[in-house]
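Spelled out, the chains give:
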Amino acid sequence: MSLDSIRSEMLALDRFHSAPALRTGDCMVRASAAREQLDQQRRHARLIRSTPARNRPTGSRRVATIGGMMAPIISTTGLCRRYKLGKDNEVAALRGASVEIAAGEMVAIVGPSGSGKSTLMHLIGCLDSPDSGRVFINGRRVDNLKGRALTRVRSSEIGFIFQGFNLIPTMNALENVALAAEYAGTPRRDALIRAAELLELVGLGDRTRHAPSELSGGQQQRVAIARALMNDPAIILGDEPTGDLDTATSDEIIAVMRRINIETGTTFVLVPTTPRSPPPATARSRCVTAPLPITGCRRSSPPKPDGARGPTP
């Protein structure tokens, strides 16, 4: 047998033995990817199971009813809010605004500057009280709550997403998210487990140990979204939550919130950064234009004393 024929046979044998190895390796890669995808699905399923029924998709969520009909999760009637600026100057931020938002909706409140968008968000979020009118959350009046009852609504019924992220710089992403539940009385171990699941939900499962300074603006806002979801609120409020982000990153953050809205049934009420809101992605997304319809306004409490400041209209 010649040297050339021996080399040819050896090359043929190498190709024969290497081919199954390559095929096996390819199968191993696909199997590994499949296992990772299955693990993600299982983690997401655990997160959905751990979410109270009020936050699950509409078909399985129990909400307040009135006369057998589903009540809106947010309802305001005749909201009026004035702020006294200086001795003789009074600004009417809201003049009898009324709005209803159904459970599971994603609503954008749009309008020109000074139309009362931020003031409405503050009233819905129980961060301020109206001069007259009423605010209902899941069928319960909340504008007249005080003390611990008001604190419970803020901590358990409503989540807030801020424009400036408001993350604690000395804590990592996991600790920032878990802190919201720890303040509400959840044991630290349970809070950390749920915080890790929420960071996975917003696409930051590999950034749990990163400090805010080690995250991009979009990643910091994802952490803020996870923190807002920490106590299983039925409602998420965001006043220009993408105001500090570029256009591409803003679109990513809106997409994250839409996905969470669809998957968990959490109601989102947002004030977009620009007057033009992106088109609705689902049948349960819509825009509300400020100023809102007027349904009557009367003064039921004296104006703030001179020099007092309130939220920017």
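Residues numbered from 1 in each chain as written. Predicted model: local features only at pLDDT ≥ 70, side-chain atom pairs only at ≥ 80, totals over all residues. Heavy atoms only, no water.

K.L.:
I'd like to hear about the packing of helix α5 (residues 188-201) against helix α6 (residues 217-229), residue by residue, with values.
P.N.:
Running from amino to carboxyl end, α5 crosses α6 at an angle of 130°, the nearest separation of the two axes being 9 Å. When the axes of α5 and α6 are compared, the pair comes out oblique. The handedness of the crossing between α5 and α6 comes out as right-handed. Between α5 and α6, the residues in contact are R194, L198 and L199 and V223, A226 and L229, respectively. (Axes fitted to C-alpha atoms, helices over the stretch in contact; angles between N-to-C directions. Helix = DSSP H or I, 4+ residues; strand = E, 2+ residues; numbered from the N terminus. Parallel < 35°, antiparallel > 145°, perpendicular 65-115°, else oblique. Left-handed = near helix turned anticlockwise from the far one by under 90°. Contact = heavy atoms within 4.5 Å.)

K.L.:
A description of the sheet that holds strand β9 (residues 235-239) should follow, citing residues and the corresponding values.
P.N.:
Here 5 strands make up an open sheet; going across it, the order is β8-β9-β10-β5-β11 and the pairing parallel. At either margin of the open sheet sits one strand with a lone partner, and together these are β8 (158-161) and β11 (285-289). Neighbour to neighbour, the strand axes of the sheet diverge by 20° on average, direction disregarded. In the sheet, β9 pairs with strand β10 (residues 267-271) via 5 bridges, with the strands oriented parallel. Across the sheet, the residue bridging to I236 is F268, located in β10. Seen against the sheet, helix α2 (residues 117-124) touches β5 (106-110), β8, β9 and β10 and runs at an angle of roughly 150° to β9. Of the strands in this sheet, β5, β8 and β10 are in contact with helix α7 (residues 247-264), which crosses β10 at around 155°. (Pairing = 2+ DSSP bridges.)

K.L.:
Summarise the pattern of salt bridges; cite the residues concerned and give the values.
P.N.:
Enumeration according to the criterion identifies 10 salt bridges in this entry. The shortest N-O distance in the salt bridge between R188 and E182 comes to 3.0 Å. For R188, a relative accessible area of 43% gives the class partly exposed. Across the salt bridge formed by D190 and R189, the nearest N and O atoms sit 4.0 Å from each other. Overall, the relative accessible area of 40% leaves D190 in the partly exposed class. Through salt bridges with shared partners, one network takes in R81, D128 and D131. (Salt bridge = Lys/Arg side-chain N within 4 Å of Asp/Glu carboxyl O. Buried < 20%, exposed > 50% of the residue type's maximum accessible area, 1.4 Å probe, protein only.)

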